[in-house]
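Given next are the chains, with one letter for each unit.
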Amino acid sequence: MTEFSESSGASANVFRPYAEPVGRNSGALADLNPLDGLRRLNTSDVESLRVPVSLDMRSLADIELSMDELDTTQAALELAKFAGFRFLTTLVANPFNVAQTLLQVQHLPLAVREERTPASDGTPDPDDPAYYEYLRARHTGRTTRVVRATTDHSGYVDGRPGYELGALDSGKLSVVRKLIGHPTEGALSVFKGAFTQWTYDMLHLLLQPTLEGALNEALGVYDGSGDAVTGALTLVASVVAVGWALSPLELVRTRLVVQAASPIHRKYRGVIHTLRTVAREEGGLRSLYFSPFHLIPTLVKHTLDAVFRGLGANAINVITNVDAYEHPNMFACCELLWRTLSAVVMLPIDTVRTRLQAQPRYTQKEVEFRTCVPLARPYTGMANCLWRVVAEEGRGVKQMRAGASNVGHYGLRGLYPGLSVQVMANFLVFGLGFIGADDDSAF
């Protein structure tokens, strides 16, 4: 142990035995330590160098309030940027969404029949009341002036109204070109329903996570008392509840897309006007929310949508026991199969639901709903719509044009408009994922 002298031990700090007292050898200490000269400064000079830091509680409260305002302003700016970016992406994708909706709701047999109606030789149809005038004129020997319609080189006339498109092929690009080239539709028609779709997406993004978090907090998922099944159920419940609450906006978007764009024939003039008109003519919002005609397709669609979109990774892990980190390539292949299965299952349900939304169920009709594509006779429900599409629209446009009748040609073709495009998009995402994985492994 190191021994210290009595003089040093009496005056030194116990924890700093080699330190000299402040008052001893101050000149030498000043020479050894240049900063020690600050001790000889005037007290007023030292005080003048200090920054006043004495704050009362009111000043602290003002600082906290300003920080909160800064955080709120920053969050509002970020939300505005995200909303603007989301609106731009909605505008870019909207032409293809409009084409998909028109392909889903058009009644192909009626579209083909109206597109190519055989031109007659002047003899009215026996079911036409003018046929009896024609027979009376022939019996009396008088001649009648027959107005002949303009025909094409094949001897066919166009029997559809001027605001309707012809029979649409399965290609979305061809539908977009027809819309832009149509005299009463035009380039702006490809953006029909864009604002409604953006409003629906933003509200869904804000409400669904909030409701899911509240359910998880109430059921103890966050603190560990809940299990994975409870978390999955809260996800499905939140998606279904928010989708059901926002379902009138989906109906509004469908009506705005399907209606004729001509100002003479246009029935709805915007989101609010459409909601008011539908509520006034079709039994109010209660009918939209609780009528089985709309309620059953909405619940089925959003439930399956939550399963396929929100629980895909968990389902793949449970069914195939493939981990995304240990076997990323195998997991990517499973994701491709899962997305393809989702398209095969969801597209018919979405087609049926879109057709039901496009069909007004009047309790009192004020103005006729004229559409840019022909719609089928009114459906009675989801099952009736599904069966009639299979029984009436089992063939494609070219086959219907070549054949005289579509009776007896059952098929699923009418339930899957645009399926090939979705499958190609899934393969594209799959390929881009592999390219990104290769780039990451290179570093």
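Everything discussed here concerns the structure shown above.
So, a few notes on the structure that sits alongside this text.

Cut-offs and rules
- Residues numbered from 1 in each chain as written.
- Predicted model: local features only at pLDDT ≥ 70, side-chain atom pairs only at ≥ 80, totals over all residues.
- Heavy atoms only, no water.
- Helix = DSSP H or I, 4+ residues; strand = E, 2+ residues; numbered from the N terminus.
- Buried < 20%, exposed > 50% of the residue type's maximum accessible area, 1.4 Å probe, protein only.
- Contact = heavy atoms within 4.5 Å.
- Areas by Shrake-Rupley, 256 points an atom, 1.4 Å probe, with all protein chains shown as cover.
- Salt bridge = Lys/Arg side-chain N within 4 Å of Asp/Glu carboxyl O.
- Polar contact = N/O pair within 3.5 Å; in protein donor to acceptor, adjacent residues only side chain to side chain.
- 1 Å grid on protein atoms, 1.4 Å probe; cavity = no way out; pocket = protein on both sides within 12 Å on 5 of 7 lines; lining within 4 Å.
- Points joined across faces, edges and corners; volume = space filled by probe spheres on them.
- Nonpolar A, V, L, I, M, F, W, Y, C, P; charged D, E, K, R; others polar.

## Some thoughts on the overall build of the chain
So, point 1. For the chain, the helix and strand inventory stands at 18 helices and 2 strands.
So, point 2. Across the 443 residues of the chain, 36% fall into the buried class.
So, point 3. Here the contacts in the chain between residues at least 6 apart in sequence split such that 69% fall between residues at least 24 apart.
So, point 4. If you sum the accessible surface of the chain, you get close to 27500 Å²; carbon and sulfur atoms cover 61% of it.

## Some details on the pattern of salt bridges
So, point 1. Applying the stated criterion across every chain yields a total of 12 salt bridges.
So, point 2. Across the pair arginine 353 and glutamate 250 runs a salt bridge, and its minimum N-O distance is 2.7 Å. Of this pair, arginine 353 sits in helix H15 (residues 328-357) while glutamate 250 sits in helix H10 (residues 247-258), and the two are 103 residues apart along the sequence.
So, point 3. Exposure remark for arginine 353: the relative accessible area of 4% places this residue in the buried category.
So, point 4. Taken together, the shared-partner salt bridges in this structure form one network comprising Arg377, Arg388 and Glu392.

## Some thoughts on the side chain of asparagine 216
So, point 1. Following the sequence through the fold, asparagine 216 ends up in helix H8 (residues 194-219).
So, point 2. Residue classification places asparagine 216 among the buried positions, given a relative accessible area of 6%.
So, point 3. Polar contacts involving the side chain of asparagine 216 include one to the side chain of threonine 234, which spans 2.7 Å.
So, point 4. For asparagine 216, the contacting residues outside a window of four places in its chain are Val221, Tyr222, Gly231 and Thr234.

## Quick notes on the layout of surface pockets
So, point 1. One number sums up the size of the largest pocket: a volume of about 1800 Å³.
So, point 2. Lining the largest pocket we find 48 residues, and of these Asn97, Lys301, Asp305, Arg309 and Gln422 sit closest to its centre.
So, point 3. Looking at the lining of the largest pocket, the elements that each hand over two or more residues are helix H4 (57-105), H8, helix H9 (228-245), H10, helix H13 (292-310), helix H14 (312-320), H15 and helix H18 (419-442).
So, point 4. Here the element with the most residues in the lining of the largest pocket is H15; it accounts for 11 residues.
So, point 5. Considered class by class, the residues forming the lining of the largest pocket number 18 nonpolar, 18 polar and 12 charged.

## Digging into empty space enclosed by the protein
So, point 1. Under the defined criterion, the tally for this structure stands at 2 cavities of 30 Å³ or more.
So, point 2. By volume, the largest cavity is sized at about 60 Å³.
So, point 3. Looking at the largest cavity, the residues that line it are Ser247, Pro248, Leu251, Leu288, His294, Thr298, Arg353 and Gln357.
So, point 4. Those elements that provide at least two residues to the lining of the largest cavity are H10, H13 and H15.
So, point 5. Counting residues per element, the lining of the largest cavity draws most heavily on H10, which supplies 3 residues.
So, point 6. When grouped by side-chain class, the residues that make up the lining of the largest cavity number 3 nonpolar, 4 polar and 1 charged.
So, point 7. The calculated volume of the second largest cavity comes to roughly 30 Å³.
So, point 8. Every residue lining the second largest cavity is listed: Phe293, His294, Pro297, Thr298, Arg353, Leu356 and Gln357.
So, point 9. Those elements that place two or more of their residues in the lining of the second largest cavity are H13 and H15.
So, point 10. Residues that form the lining of the second largest cavity fall into these classes: 3 nonpolar, 3 polar and 1 charged.

Coordinates in, geometry out; function isn't part of it.
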